[in-house]
Amino acid sequence: VQLQASGGGLAQVGGSLRLSCVASRSVFSINKMGWYRQAPGKQREFVARVGSNGSTNYADSVKGRFTVSRDNAKNTVYLQMNSLKPEDTAVYYCHAGLIEGSVWLDYWGQGTQVTVSS
């Protein structure tokens with residue numbers, strides 16, 4: 001699975017951005033799709049995910065501000081980010097997890113930079 005992320009950029013505190021991640025195969029067949037982020041000098045951390053059944057999970061730090069969704073027809077997962085804070089500044093990576101045969105596989109996109117300035 002190849003993942004192409006886009007939509008990052010510069011936003012002001014309190015602003016919004018929407019990230020998109022297009023998969024090279026039907027997202028309907030992908031068990032979990034979501035987003036992770038990595039700030040300078042920090043480890044990559046979980047942000048949000050959406051399951052094949054539409055269930056969602058969020059990191060506590062983004063609950064109520066970010067919304068993850070998937071459009072199966074467009075093979076795309078979105079991350080709507082509102083009320084952005086400086087601590088949201090990071091490289092955001094799209095992630096896909098699926099089972100092929102009996103093996104769990106993880107795939108990553110190339111990352112897109114999000115910078116929130118005050």
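As the structure is a computational prediction, the values presented were derived from the model and not from experiment.

A closer look at the overall build of the chain
(1) Moving on: If you tally the helices and strands in the chain, you get 0 helices and 11 strands.
(2) Moving on: Element order for the chain, N to C, with α for helix and β for strand: β-β-β-β-β-β-β-β-β-β-β.
(3) Moving on: Against the 2.2 N^0.38 benchmark of 13 Å for 118 residues, the chain shows a C-alpha radius of gyration of 14 Å, consistent with a compact globule.
(4) Moving on: Across the 118 residues in the chain, those meeting the buried criterion constitute 39%.
(5) Moving on: Look at the contacts in the chain between residues 6 or more apart in sequence, and 53% of them connect residues 24 or more apart.
(6) Moving on: As displayed, the chain offers around 6100 Å² of accessible surface, 47% of which is attributable to carbon and sulfur atoms.
(7) Moving on: Taking the 12 positively charged and 7 negatively charged side chains of the chain as two groups, their mean positions are separated by 2 Å.

Here's the deal with the packing of aromatic side chains
(1) Moving on: In total, this model carries 2 aromatic pairs according to the counting rule given.
(2) Moving on: On the basis of an interplanar angle of 70° and a centroid distance of 5.6 Å, the ring pair of Tyr 36 and Phe 46 is categorised as edge-to-face. Placement of the pair is Tyr 36 in strand S4 (residues 32-38) and Phe 46 in strand S5 (residues 45-51), with a sequence separation of 10 residues.
(3) Moving on: We classify Tyr 36 as buried; its relative accessible area is 18%.
(4) Moving on: On the basis of relative accessible area, Phe 46 is assigned to the partly exposed category, the value being 22%.
(5) Moving on: Ring geometry for Tyr 36 against Trp 108: centres 5.0 Å apart, planes inclined by 70°, an arrangement best described as edge-to-face.

A look at the side chain of Arg 70
(1) Moving on: Structurally, Arg 70 is set in strand S7 (residues 66-71).
(2) Moving on: One buried charged residue, Arg 70, remains without a salt bridge, the closest side chain of opposite sign being Asp 71 at 8.8 Å.
(3) Moving on: Among the polar contacts listed, one links the side chain of Arg 70 to the backbone oxygen of Ile 30, at a separation of 3.1 Å.
(4) Moving on: For Arg 70, the side chain forms a polar contact with the main-chain oxygen of Gly 51, separated by 2.8 Å.
(5) Moving on: Contacts of Arg 70, omitting those with residues within four sequence positions, involve Val 27, Phe 28, Ile 30, Asn 31, Val 50, Gly 51, Ser 52, Thr 76 and Val 77.

Brief notes about the pattern of salt bridges
(1) Moving on: In the structure shown here, the tally under the stated rule is 5 salt bridges.
(2) Moving on: Arg 37 serves as the salt-bridge partner of Asp 88, at 2.9 Å between the closest nitrogen and oxygen. Here Arg 37 lies in strand S4 and Asp 88 lies in the loop between strand S8 (76-81) and strand S9 (90-100), a separation of 51 residues in the sequence.
(3) Moving on: Residue class for Asp 88 comes out buried when judged on its relative accessible area of 0%.
(4) Moving on: A single salt-bridge network, built from bridges that share partners, covers Arg 37, Glu 45, Arg 65 and Asp 88.

What counts and what doesn't
- One numbering rule holds for all chains: residues counted from 1, following each sequence as written.
- With the structure being a predicted model, the display of local features is reserved for residues of pLDDT at least 70 and the display and counting of side-chain atom pairs for 80 or more, all residues being used for whole-chain, interface and lining totals.
- Values shown for side chains rest on all heavy atoms present in the structure; no hydrogens or waters enter the calculation.
- Secondary structure counts use DSSP, requiring at least four H or I residues in a row for a helix and at least two E residues in a row for a strand, with both numbered from the N terminus.
- In this treatment the radius of gyration is a C-alpha quantity, and the globule benchmark scales as 2.2 Å times the residue count to the 0.38 power.
- Each residue gets one of three labels from its accessible area relative to the maximum for its type: buried under 20%, exposed over 50%, partly exposed in between, using a 1.4 Å probe on protein chains only.
- We call two residues contacting when some pair of their heavy atoms lies within 4.5 Å.
- All accessibility values rest on the Shrake-Rupley procedure with a 1.4 Å probe; residue burial counts only the protein chains present in the view.
- The charge count includes Lys and Arg as positive and Asp and Glu as negative, but it does not include His or the ends of the chains.
- A single reference atom marks each charge: NZ on Lys, CZ on Arg, CG on Asp, CD on Glu.
- A pair of Phe, Tyr and Trp rings is counted when the ring centres sit within 6.5 Å of each other, with Trp represented by its six-membered ring. The angle between the planes then sorts it: under 30 degrees is stacked, over 60 is edge-to-face, the rest tilted.
- Each salt bridge in this description consists of a side-chain nitrogen of Lys or Arg and a carboxyl oxygen of Asp or Glu lying within 4 Å of one another.
- A 3.5 Å cut-off defines polar contacts: any pair of N or O atoms within that distance qualifies, except that in protein one atom must be a possible hydrogen donor and the other a possible acceptor, and neighbouring residues in sequence count only when both atoms are side-chain atoms.

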